[in-house]
Amino acid sequence: MDAPHPTDSADTPDSTESTVRKRLLEAIDLAVSNASGDGGPFGALVVTADGRRFPGVNRVTADNDPTAHAEVMAIRTASRELGTFDLSGSTLYTSCEPCPLCLSAALWARLDAVYFAADRYDAAAGGFDDAEFHEFFTKPADERSLPVRSVDLEERTAPFEAWAANTARTEY
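Described below are features of the structure shown in this document. It should be emphasised that the depicted structure is a prediction, and the values quoted were computed from it without experimental measurement.

Within the secondary structure, Ser95 is located in strand 3 (residues 91–96). Once residues lying within four places of it in the same chain are set aside, the contact partners of Ser95 are Ala27, Ile28, Ala31, Pro41, Phe42, Gly43, Ala117 and Ala118.

Bringing a nonpolar patch on the surface into the picture now. On the surface, a nonpolar cluster with roughly 520 Å² of combined accessible area is contributed by Phe85, Trp108, Trp163 and Tyr172. Looking at the element boundaries, Trp108 is found in helix 4 (residues 100–108). Relative accessible area serves as the criterion here: at 58%, Trp108 is assigned to the exposed category.

Another point: the nonpolar core. The biggest cluster of nonpolar side chains holds 19 residues, and the ones touching the most others in it are Val46, Ile75, Leu87, Leu92 and Leu111. For this core, the elements supplying multiple residues, two or more each, are strand 1 (43–47), helix 3 (70–82), strand 3 and helix 4. Sorting elements by how many residues they give to this core places helix 3 first, with five residues. Core analysis: the next-biggest nonpolar cluster, separate from the first, contains five residues, Leu24, Leu45, Val47 and Tyr93 among them.

Where helix 3 contacts helix 4, the two axes come as close as 8 Å, and the packing angle between them is 25 degrees. Taken together, the axis directions place helix 3 and helix 4 in an arrangement best described as roughly parallel. Judged by the twist between their axes, the crossing of helix 3 over helix 4 is left-handed. Side by side, helix 3 and helix 4 meet where Glu71, Val72 and Ile75 of the first sit next to Leu101, Cys102, Ala105 and Ala106 of the second. Residues belonging to the contact of helix 3 with helix 4 are distributed by class as follows: six nonpolar, no polar and one charged.

Applying the stated rule across the entire model yields six aromatic pairs. Judged by centre distance (5.5 Å) and plane angle (10 degrees), the ring pair of Tyr93 and Tyr115 falls under stacked. Note that Tyr93 is positioned in strand 3 and Tyr115 in strand 4 (residues 113–118), a separation of 22 residues in sequence. By relative accessible area, which is 26% here, Tyr115 ends up partly exposed.

Glancing now at unusual backbone geometry. The phi dihedral of Asn64 is positive, around 50 degrees, even though this residue is not glycine. On the secondary structure map, Asn64 appears in the loop between helix 2 (60–63) and helix 3. The exposure class of Asn64 is exposed, given its relative accessible area of 70%. Phi is positive for Arg110, which is not a glycine, with a value near 65 degrees. Within the secondary structure, Arg110 sits in the loop between helix 4 and strand 4.

To continue, consider the side chain of Ser79. On the secondary structure map, Ser79 appears in helix 3. Here Ser79 is in contact with Thr84, Phe85 and Leu87, once residues within four sequence places are set aside.

The rules we used
- Residues numbered from 1 in each chain as written.
- Predicted model: local features only at pLDDT ≥ 70, side-chain atom pairs only at ≥ 80, totals over all residues.
- Heavy atoms only, no water.
- Helix = DSSP H or I, 4+ residues; strand = E, 2+ residues; numbered from the N terminus.
- Contact = heavy atoms within 4.5 Å.
- Patch = residues over 30% accessible without salt bridge, like charges linked within 9 Å, V, L, I, M, F, W, Y side chains within 5 Å.
- Areas by Shrake-Rupley, 256 points an atom, 1.4 Å probe, with all protein chains shown as cover.
- Salt bridge = Lys/Arg side-chain N within 4 Å of Asp/Glu carboxyl O.
- Buried < 20%, exposed > 50% of the residue type's maximum accessible area, 1.4 Å probe, protein only.
- Core = buried A, V, L, I, M, F, W, Y, C linked by side-chain atoms within 4.5 Å.
- Axes fitted to C-alpha atoms, helices over the stretch in contact; angles between N-to-C directions.
- Parallel < 35°, antiparallel > 145°, perpendicular 65-115°, else oblique.
- Left-handed = near helix turned anticlockwise from the far one by under 90°.
- Nonpolar A, V, L, I, M, F, W, Y, C, P; charged D, E, K, R; others polar.
- Phe/Tyr/Trp six-rings, centres within 6.5 Å; stacked < 30°, edge-to-face > 60°.

And the structure:
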């Protein structure tokens, strides 16, 4: 995959239909190219308010990394290249509806908007059914496919106390 390539500032993102379509087609092209090689069929693009673009493609099987989804990779690239974890003012364009992992990453990155092309049902028809993940949070805890249980430890708040005491911390 090529390194991120900032574009000139005249090419700024906005929510006009033609701009959204153009960015989504770019994400789809990334996905097609990646799927033709050793990656999965997903592509994403973070576009900053001043028009810089940071691509990402799915590298889950190529890198043996279950978190290497296209959206996460684009967010990681943008954050690293921009030197910030706060991508406020940026928009994520993705070839497919974000799964809960990717949507969570978009929320943590403080993106302004997310646009996608294919939806979760298109993905399922293509062999990528993530319905279980979308449904996970709506099920009662005792019915979930992955047990997630709280253990009451006296020391449970020690990390937060250390954080609060660290005057050199970076807030987020």
